[in-house]
Amino acid sequence: LPPTPLIPPSLTLAATALTTSTASSFSTPVAFPTETVYGLGADATSSTAVKGIYTAKGRPSDNPLIVHVSDLSMLSTLSTIPEIYHELISKFWPGPLTILLPVPTSGQLLAPEVTAGLTTFGARMPDSPLARALIQLVGKPLAAPSANASTRPSPTKAVHVLEDLEGKIELILDGGDCAVGVESTVVDGLCDPPVVLRPGGVGIEEIRQVKGWKGVVKGYKDRSEVGEGHKPRAPGMKYKHYSPRARVVLFEGHKPVNVGKELEGGGLKKVGVIRTGEWEGLVGETEGRIESEEGGFAVRQGSLRDEEGKELATVLDVDLGRDVKGVAHGLFAALRELDRLGADIIFVEGVSDGDDIAAAVMNRLRKAASEIRP
Ligand code: TXA
Ligand code: MG
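Just so it is clear, the structure is predicted and the values come from calculations on it, not from any experiment.

Description of the pairing of strand β13 (residues 289-294)
In step 1: Summarising the sheet, β13 and strand β14 (residues 297-305) pair through 5 bridges and their orientation is antiparallel. Within β14, the position partnered with Ser292 by the bridge is Val299.
In step 2: In this antiparallel pair of consecutive strands, β13 and β14, the connection spans 2 residues, and Gly295 shows a positive phi of 65°.

Written out as structure tokens, the structure reads:
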């Protein structure tokens, strides 16, 4: 016999909440960890349960949800898996990859609220053992978007979920920090050529290596009118997403930011800076004090002064390091932490765009930013 598993009581509690909410007329979803970000889950086969997700998040109901399964046999109850996905699945599942499948036509297997009226649904098998154990205990696929309030950065710690959804959901399963830190890559292999709909934890260069995916194209747009000779994008001109309360200004080309100049006449009190490799720290290693240190980065607080020594602003300095995986891991937490510490504006040093997880980092940053500089 294999060793008897010891199941933490919180896991059974969460599974019970998910199961009973299906039966009652009023239900709240349960937040659970995955390796990408925390998800807000409900029984994907129950309309009542899935509606509870949209209510708790304040999410527009025309944005479809991803269906999470614990294993392939659970997925096979919903759909047969087209050949194009076979190698992709064996390479990247469990993991941060979501594939589009045809919505089952026989019977009402998936609540219509999951797919928001589309003929396809997104499916993913998360790598987090806690997530898979939960789904297995419930015995049903779980529909789950990221567990943030709509428009906020996705949660990578249980406390982020609490910040956004306290009083709106019954239970948060705390599994510690999410390892990847950005959401799954969403791909559509039902069309020709296949398409990446959202960059994420699995890089497009890795997907290209797989049989049938060499010609995969990018079906998302995030590169805006950035570049020399172009005006910076006007603030407030876009659908808000992944945004902290503070205004985010993204620098794409590692060009140093002159914070003093940026603040001229602005009357801003607290300035957040997120560095990813080339920018010099604005608060020296020896001056300033550590405001918080958790989850792989420290926030160092200091003063920005003019030549006469007059304080221009308080600076909250975060260094996410050079490794792009580390940047992905800490990005949402850094945005949230600077918000929590009261930053009015956040200057972010972008990473060099690439066909790996850097594409996901830049995609989220471009969406969070109200201004993009070359
Ligand atoms: O890593 C993740 O994917 C996380 C964790 C919790 O699994 N979930 C997540 O869900 O990011 P959400 O709802 O925040 O993002 C789902 C994305 C959206 O961009 C949605 O439009 C897209 O997947 N999506 C879902 N179903 C789709 C479909 N049938 N066709 C096109 N896009 C779809
Ligand atoms: Mg989301």
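Okay, back to it.
Details of helix α10 (residues 324-340)
In step 1: Over its 17 residues, α10 extends 24 Å from the first C-alpha to the last, a length consistent with the 24 Å expected when each residue adds 1.5 Å.
In step 2: Helix geometry: α10 is bent most strongly at Gly330, by close to 45°.
In step 3: Taken across its 17 residues, α10 has 13 buried, putting it largely inside the fold.
In step 4: Backbone geometry just after α10 places Gly342 at a positive phi near 90°.

Focus: the site of ligand 1
In step 1: Around ligand 1 sit 22 residues in total, of which Thr36, Asn63, His68, Ser184 and Arg198 are the nearest.
In step 2: One nitrogen or oxygen atom from the side chain of Arg124 is found 3.0 Å from an oxygen atom belonging to ligand 1.
In step 3: Calculation on ligand 1 without its partners gives an accessible area of 680 Å², and the protein chains cover 86% of this total.
In step 4: Its atoms largely coinciding with the cavity grid, ligand 1 occupies the largest pocket.
In step 5: Going through the elements one at a time, β3 (66-68), β5 (120-124) and β9 (195-198) are the ones with two or more residues in the shell around ligand 1.
In step 6: In terms of residue count, β5 provides more of the shell around ligand 1 than any other element does, 4 residues in total.
In step 7: Looking at the shell around ligand 1 residue by residue, the class counts come to 10 nonpolar, 8 polar and 4 charged.

What about empty space enclosed by the protein?
In step 1: Going through the model one piece at a time under the given rule, you end up with 2 cavities of 30 Å³ or more.
In step 2: Put simply, the largest cavity is a space of about 70 Å³.
In step 3: Contributing to the lining of the largest cavity are 14 residues, with Pro199, Gly203, Ile204, Tyr220 and Ala359 lying nearest its centre.
In step 4: The residue inventory of the lining of the largest cavity, partitioned by class, reads 7 nonpolar, 4 polar and 3 charged.
In step 5: Estimated volume of the second largest cavity: approximately 50 Å³.
In step 6: Contributing to the lining of the second largest cavity are Thr156, Lys157, Asp177, Cys178, Gly295, Phe297, His329, Gly330 and Ala333.

A look at the side chain of Glu252
In step 1: In this fold, Glu252 is placed in the loop between β11 (247-251) and α9 (259-263).
In step 2: Judged by relative accessible area, which is 13%, Glu252 ranks as buried.
In step 3: A polar contact is formed between the side chain of Glu252 and the side chain of Arg366, at a distance of 2.8 Å.

Here we look at the confidence of the model for the protein
In step 1: When pLDDT is averaged across the protein, the result is 89; 92% of the residues are at 70 or more.
In step 2: Low confidence marks residues 225-238, where pLDDT is under 50. Its contacts with residues over four positions away, or in another chain, come to 29 contacts.

Considering the sheet that holds strand β6 (residues 142-144)
In step 1: One open sheet holds the 10 strands; their spatial order is β7-β1-β2-β6-β3-β5-β4-β8-β9-β10, and the pairing between them is mixed. In this open sheet, the two edge strands, each paired with only one partner strand, are β7 (171-172) and β10 (217-218).
In step 2: Sheet contacts for helix α2 (residues 47-57): β2 (39-43) and β6; angle to β2, the most-contacted strand, approximately 155°.

Thresholds applied
Residues numbered from 1 in each chain as written. Chains lettered and ligands numbered in written order. Predicted model: local features only at pLDDT ≥ 70, side-chain atom pairs only at ≥ 80, totals over all residues. Heavy atoms only, no water. Pairing = 2+ DSSP bridges. Helix = DSSP H or I, 4+ residues; strand = E, 2+ residues; numbered from the N terminus. Expected span 1.5 Å × (residues − 1). Bend = angle between axes of the 7 residues up to and from the residue. Buried < 20%, exposed > 50% of the residue type's maximum accessible area, 1.4 Å probe, protein only. Near = heavy atom within 4 Å. Polar contact = N/O pair within 3.5 Å; in protein donor to acceptor, adjacent residues only side chain to side chain. Areas by Shrake-Rupley, 256 points an atom, 1.4 Å probe, with all protein chains shown as cover. 1 Å grid on protein atoms, 1.4 Å probe; cavity = no way out; pocket = protein on both sides within 12 Å on 5 of 7 lines; lining within 4 Å. Sits in = over half its atoms within 2 Å of the grid points. Nonpolar A, V, L, I, M, F, W, Y, C, P; charged D, E, K, R; others polar. Points joined across faces, edges and corners; volume = space filled by probe spheres on them. pLDDT = per-residue confidence, 0-100. Contact = heavy atoms within 4.5 Å. Axes fitted to C-alpha atoms, helices over the stretch in contact; angles between N-to-C directions.

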